[in-house]
Amino acid sequence: MTSRPWPRVPPFSASGGALLFHLLSKLYAAVRAPKAGMRDIIEAETAPFDKDRVHFSGPNVNLQPPQAMAVSMVIHELVTNAVKYGALSNSHGTLDVKWTTTGKRLAFEWVERGGPETTDPERNGFGYVLIEGQVEQQIDGRLEAKFDPEGLNLKMDFPL
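Here is a short report on the structure shown in this document. (Residues numbered from 1 in each chain as written. Predicted model: local features only at pLDDT ≥ 70, side-chain atom pairs only at ≥ 80, totals over all residues. Heavy atoms only, no water.)

Quick look at the side chain of Asn 153 now. If you trace the backbone, Asn 153 turns up in strand β7 (residues 151-159). The buried category is assigned to Asn 153, whose relative accessible area is 13%. Non-local contacts of Asn 153, meaning those with residues more than four positions away in its chain, are made with Glu 109, Trp 110, Val 111, Arg 113, Glu 144, Ala 145, Lys 146 and Asp 148. (Helix = DSSP H or I, 4+ residues; strand = E, 2+ residues; numbered from the N terminus. Buried < 20%, exposed > 50% of the residue type's maximum accessible area, 1.4 Å probe, protein only. Contact = heavy atoms within 4.5 Å.)

So this is what it looks like as structure tokens:
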């Protein structure tokens with residue numbers, strides 16, 4: 001098995017280690033704050049990627065620490081999978097992340113396009129099981145994932 005470096009991130013070195021430490025520090029600070037912002041979490045997780053490939057929009061909704069931790073884990077897993085298998089695994093795929101609030105619920109959508117063709121998996125892997133557990137059990141939310149040929153389309157919503 002071989003690994004691929006993340007876009008625009010040099011192979012692990014003193015400078016790569018410093019960048020990794022910086023990104024993890026930002027994410028940890030966002031999650032550990034009394035209230036962490038949704039936008040802050042997404043910005044921290046997608047920071048290494050070109051802004052012309054990764055688009056996100058939504059209010060910086062404050063999340064309680066348990067919600068922030070669960071959402072951070074979900075976003076991290078989605079980014080990891082996009083880099084390994086999805087829209088961020090090549091030089092031209094795109095990612096659109098949107099979220100809105102309605103009443104006391106947050107609706108979130110993750111849409112990948114331009115990556116390798118996707119199909120429904122034969123079985124749910126560790127990453128999907130992790131995402132499902134965080135959304136449904138940790139934050140009492142709902143999850144819907146579609147593996148469209150154009151890319152992953154994932155929706156979740158949860159109470160604020």
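And the narrative resumes.
A few words on the packing of aromatic side chains. Inspection of the entire model under this criterion finds one aromatic pair. Summarising the aromatic geometry, the rings of Phe 56 and Trp 99 are spaced 6.4 Å apart at their centres and angled 20° between planes, so their arrangement reads as stacked. Of the two residues, Phe 56 sits in strand β2 (residues 54-57) while Trp 99 sits in strand β4 (residues 94-102), which places them 43 residues apart along the sequence. Side by side, Phe 56 and Trp 99 carry an identical accessibility label, which is buried. (Phe/Tyr/Trp six-rings, centres within 6.5 Å; stacked < 30°, edge-to-face > 60°.)

For the α-helix, the turn length of 3.6 residues means that residues three or four positions removed from each other point alike. Those residues of helix α4 (residues 126-138) that sit buried are Gly 127, Tyr 128, Leu 130, Ile 131, Gly 133, Gln 134 and Val 135. Buried residues in α4 make contact with α3 (65-84), β6 (142-148) and β7. Looking one or two places after α4, you find Asp 140, whose phi comes out positive at around 55°.

Throughout the structure, instances matching the rule amount to four salt bridges. Between Arg 105 and Asp 157 there is a salt bridge, and its shortest N-O distance comes to 2.6 Å. Of this pair, Arg 105 sits in strand β5 (residues 105-113) while Asp 157 sits in strand β7, and the two are 52 residues apart along the sequence. In this structure, Asp 157 and Arg 142 form a salt bridge, with 2.7 Å as the shortest nitrogen-oxygen distance. One end of the pair, Asp 157, is in strand β7; the other, Arg 142, is in strand β6, and 15 residues separate them in sequence. Taking the relative accessible area as the measure of exposure, Asp 157 reaches 15% and is therefore buried. Within this structure, Arg 105, Arg 142 and Asp 157 form a network of salt bridges that share partners. (Salt bridge = Lys/Arg side-chain N within 4 Å of Asp/Glu carboxyl O.)

Moving on: the pairing of β7. Here is the key point about a regular strand: its side chains alternate between the two faces of the sheet. Of all nine residues in β7, seven are buried, a share of seventy percent or more. Strand direction decides the pairing type here: β5 and β7, joined by seven bridges, are antiparallel. Along β7, the bridge assignment pairs Val 111 with Asn 153. By the bridge criterion, seven bridges tie β6 to β7 in an arrangement that is antiparallel. (Pairing = 2+ DSSP bridges.)

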